[in-house]
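Overview (structure and organization)
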Amino acid sequence: MPDHILGISAYYHDSAAVLLSAGEIVAAAHEERFTREKHDSSFPLNAARYVLSQGGIAYQDLTAVAFYDKPYLKFERLLETYHAFAPRGLTSFVSAIPVWIKEKLFMKKMLRDELHKLGEGQVPLLFPEHHLSHAASAFYPSPFKQAAILTIDGVGEWATATIGHGDDTEIRIINELHFPHSIGLLYSAFTYYTGFRVNSGEYKLMGLAPYGNPEAERTRRYKDLILSNLVDIRDDGSILLNMDYFNFATGLRMTFDHKFAGLFGIPPRAPEAEIDQAYMDLALAIQQVTEEIVMRLAGTVKERTGAEYLVMAGGVALNSVANGKLLQSGLFKDIWIQPAAGDAGGALGAAYTVWYLGHQKQRNINGPEDCMRGAYLGPEYSQSEILGTIRKYGAKNREYAQFQELAHDVASLLAEGKVVGWFQGRMEYGPRALGNRSILGDPRNPEMQKKMNLKIKYREGFRPFAPAVLEEDISEYFNLDRPSPYMLFVIPVLEKHRKPLPADYLNRDLYQKLYFERSDIPAVTHIDYSARIQSVNAKTNPRFWQLINAFKELTGCGLLINTSFNVRGEPIVCTPEDAYRCFMHTEMDYLVLDMYLLAKSEQIPWPKTAADQVHFAAD
Ligand SMILES: [Fe+2]
């Protein structure tokens, strides 16, 4: 019987469960998708039940359960930190420590209690370290036999970043950067200060940065202030934070606001308040500083390992702008980043760690493919389950017998400017929707970014959308010569697709800048002519590939806007019912559930389909 390992991440943010059987990923899912609570950090009971059922195994069949960090080390870090900064953190000490003593110090017992809900039996429970879990999630499923490893996040137990080397089944951590000196927490401090939510708004800060004026004296001054007051970056990329300015070690906030305000001359931005140019310049300054740190760390790991390839994980590895620059620097022949680079991916890494380090098995390297199967590792729903939802809501729908006809009709709708929810097959693992739980639109349409942000996603208009492009066409649009399947690299749009900007462009306000047509694919071209690319492979996701290809046959354009199927503040949809409800609560025009096309009412015209004989399943 093969070994089955259940990987768990929980109790911080983004809980997840993974089943690894004989070293192969059977299933992986975030708990938030089941509970519908974004970034759910509770024990991933639903996700664990799902991955076990996907593998067709009972809890007692497991060889081991792997948890993604060592709770005792984390507790030690907490105690020592409060001790080191005493009496500064007394208030938060008083509120945090009893919770830790009650809940987290007894984590083993708590985990056992939760695991017993999955079934009877004593399965060994193992605790690989947090950054080893990140490193394993980056290296083992990668297509490389040997690679340098870089993990960067907020904090695990003590480590906040590591450099290491992977060689076949072995991972060696070479060096660690320790709390409180953390690149992730530095970035999160600015996420907070610019008015976004820590642990989820980091993407928004990165999206805001290109609106900063790179030529402005203020941007340069902000960067100088950061480098001379807040963070000392050493040649090897390790950093020292000046803890006089940061309150995250002991307080309930990220920064000492009065000190930040004194330094930058602006108060913390209130969430939802207008975004003044100063905050955009600040966003650009901290993004530039982060890129510099990542580049130096990458240089160090290259120097220490001599490796040709690099793998990355940890929350900061989701900074796709920094990743794109690192890839384009040519420092490494290629870079592979775990699509679930945040803490959800720790569940996979923990399971892999136990499998390889504990068992010394042979490693299957699929090169050039990785082992993530496109990250389509979550639940899928049968035709009868989908029909059940359609009938429950009496939804107007058309069933297709041939996928090709569905693809053709949806491509026509998209070309007419309609926005379509696209629900197919297994849900994605990791924070990005990659064409199975996606909302799609026409990237050529200059109105589409506004429409999708404001009427469908209900989110800040400045946030860019990502293109999903046929893998074969990637070099036709972008300055990239290889696939980018997980939207983890931001890359320039080719010159031939760009449109010139007016001379006074940099001085215009945010929304004027935003809605200026910058290219012939404006909805996916960011303000600085870049795009966060997903390439779609015909074998990995044949349906999504066929849809984009049908759009290309109609329009000559081999890409679509792909944004995750959710509205602001909600997790990505999991079930057909989640998808239907999201569809009905937004101004999305059509919804595809597997082989069914749904409309909101009789008034919405149906596409002129090639298949006149299609029937109406629930009319
Ligand atoms: Fe982490």
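Conventions adopted
Residues numbered from 1 in each chain as written. Predicted model: local features only at pLDDT ≥ 70, side-chain atom pairs only at ≥ 80, totals over all residues. Heavy atoms only, no water. Helix = DSSP H or I, 4+ residues; strand = E, 2+ residues; numbered from the N terminus. Buried < 20%, exposed > 50% of the residue type's maximum accessible area, 1.4 Å probe, protein only. Contact = heavy atoms within 4.5 Å. Areas by Shrake-Rupley, 256 points an atom, 1.4 Å probe, with all protein chains shown as cover. Donors = N, O, S within 2.8 Å, 3.2 Å for Na, K, Ca; no water. Pairing = 2+ DSSP bridges. Axes fitted to C-alpha atoms, helices over the stretch in contact; angles between N-to-C directions. Core = buried A, V, L, I, M, F, W, Y, C linked by side-chain atoms within 4.5 Å. Parallel < 35°, antiparallel > 145°, perpendicular 65-115°, else oblique. Left-handed = near helix turned anticlockwise from the far one by under 90°. Nonpolar A, V, L, I, M, F, W, Y, C, P; charged D, E, K, R; others polar. Salt bridge = Lys/Arg side-chain N within 4 Å of Asp/Glu carboxyl O. Lys, Arg positive; Asp, Glu negative; His and termini not counted. Polar contact = N/O pair within 3.5 Å; in protein donor to acceptor, adjacent residues only side chain to side chain. pLDDT = per-residue confidence, 0-100.

1. Brief notes about the overall build of the protein chain
Summing up its helical and strand segments, the protein chain has 20 helices and 21 strands in all. Across the 619 residues of the protein chain, 62% fall into the buried class. For the protein chain, the proportion of contacts with a sequence separation of at least 24, taken over those separated by at least 6, is 71%. For the protein chain, the accessible area works out to roughly 23400 Å², and carbon and sulfur atoms hold 51% of it.

2. Brief notes about the coordination of the iron ion
Taken together, the protein ligands of the iron ion are His130 (NE2), His134 (NE2), Asp153 (OD) and Asp343 (OD), with distances of 2.1 to 2.3 Å. When the donor residues of the iron ion are listed from N- to C-terminus, their spacing reads H-x3-H-x18-D-x189-D. Within this pair, His130 and its partner His134 are both found in helix H6 (residues 130–139), separated by four residues, close to a single helical turn. The class of His130 is buried, set by a relative accessible area of 1%. Here His134 falls in the buried class, since its relative accessible area comes to 0%.

3. Focus: the sheet that holds strand S15 (residues 437–441)
Strand order in the open sheet formed by nine strands is S13-S21-S20-S14-S15-S19-S16-S18-S17, with mixed pairing between adjacent strands. Strands with a single pairing partner mark the edges of an open sheet, and in this sheet they are strand S13 (397–399) and strand S17 (489–492). When the angles between neighbouring strand axes are averaged without regard to direction, this sheet yields 35°. Two elements, strand S16 (residues 466–470) and strand S18 (residues 530–536), share three bridges in a ladder whose sense is parallel. In the strand pairing of S18, Val469 is matched with Ser535.

4. Things to note about the nonpolar core
Counting residues in hydrophobic clusters, the biggest one holds 216 residues, and the most contacted among them are Leu6, Phe190, Phe246, Phe264, Tyr429 and Phe478. Among the elements that line this core, the one with the most residues is helix H11 (residues 277–305), at 14 residues. When sequence neighbours within four positions are dropped, the list of residues in contact with Leu6 reads Ala17, Val18, Ala48, Val51, Leu62, Ala64, Val65, Ala66, Leu115 and Leu118.

5. Points about the packing of helix H9 (residues 217–230) against H11
Here H9 crosses H11 at 50°, and the two axes come no closer than 8 Å. When the interaxial angle is binned, H9 and H11 end up oblique. The element H9 and its partner H11 pack so that their crossing is right-handed. Residues Arg218, Thr219, Tyr222, Lys223, Ile226 and Leu227 of H9 lie in contact with H11, whose contacting residues are Gln277, Ala278, Asp281, Leu282, Leu284, Ala285, Ile286, Gln288, Val289 and Glu292. Classifying every residue of the contact of H9 with H11 by side-chain character gives nine nonpolar, three polar and four charged.

6. With respect to the environment of Ala350
Residue position: Ala350 is located in helix H13 (residues 344–359). Taking relative accessible area as the criterion, Ala350 reaches 0% and is therefore assigned buried. Sequence separation of Ala350 and Phe67 is 283 residues, and the distance between their C-alpha atoms is 6.1 Å. Sequence-distant contacts of Ala350, that is, excluding residues within four places in its chain, are made with Ala66, Phe67, Tyr68, Pro128 and Ser133.

7. Quick word on the pattern of salt bridges
Under the criterion given, the structure shown has 23 salt bridges. The shortest N-O distance in the salt bridge between Asp113 and Lys109 comes to 3.0 Å. With a gap of four residues between them, Asp113 and Lys109 both fall in helix H5 (residues 107–116), about one helical turn apart. One salt-bridge network, in which partners are shared between bridges, spans Lys223, Asp235, Glu292 and Arg296.

8. Remarks on the side chain of Asp40
In this fold, Asp40 is placed in the loop between helix H1 (32–35) and helix H2 (45–55). It turns out Asp40 is buried and unbridged, and the closest side chain with the opposite charge, Arg36, is 10 Å from it. A polar contact of 2.7 Å, which involves the side chain of Asp40, links it to the side chain of Ser42. With near-sequence residues (within four places) excluded, Asp40 lies in contact with His13, Asp14, Ser15, Glu31, Glu32 and Thr35.

9. Let's talk about the sheet that holds strand S8 (residues 170–178)
Here five strands make up an open sheet; going across it, the order is S8-S7-S6-S11-S12 and the pairing mixed. Bordering the open sheet on either side are S8 and strand S12 (334–337), each of which pairs with just one other strand. Looking at each pair of strands side by side, their axes are set apart by 20° on average, direction ignored. Sheet topology note: the strand S7 (residues 159–167)/S8 ladder contains eight bridges and is antiparallel. Paired with Thr162 across the two strands is Glu176, which belongs to S8. Of the strands in this sheet, strand S11 (309–313) and S12 are in contact with helix H12 (residues 320–329), which crosses S12 at around 155°.

10. Considerations on the environment of Ile533
Topologically, Ile533 is positioned in strand S18. Accessibility expressed as a relative area gives 0% for Ile533, which makes it buried. Separated by 66 residues in the primary sequence, Ile533 and Pro467 have C-alpha atoms spaced 5.5 Å apart. Leaving out residues up to four positions away in the same chain, Ile533 has contacts with Pro467, Val469, Ile474, Phe478, Leu480, Ser484, Met487, Leu488, Phe489 and Ile491.

11. Quick word on H2
Considered for burial, the residues of H2 that qualify are Leu45, Ala47, Ala48, Tyr50, Val51 and Leu52. Check the buried side of H2 and you find it contacts strand S1 (4–9), strand S2 (16–21), strand S3 (24–30), H1 and H5. The first or second residue beyond H2 is Gly56, which carries a positive phi of 65°.

12. What about the pairing of S3?
Of all seven residues in S3, six are buried, a share of seventy percent or more. Hairpin connection of S2 to S3: two residues between the antiparallel strands, including Ala22 at a positive phi of 50°.

13. Remarks on the confidence of the model for the protein chain
Of the residues in the protein chain, 90% reach a pLDDT of 70 or more, and the chain-wide mean stands at 90. Low pLDDT, under 50, characterises residues 610–619; the predicted model gives this stretch 21 contacts beyond four residues in sequence or across chains.

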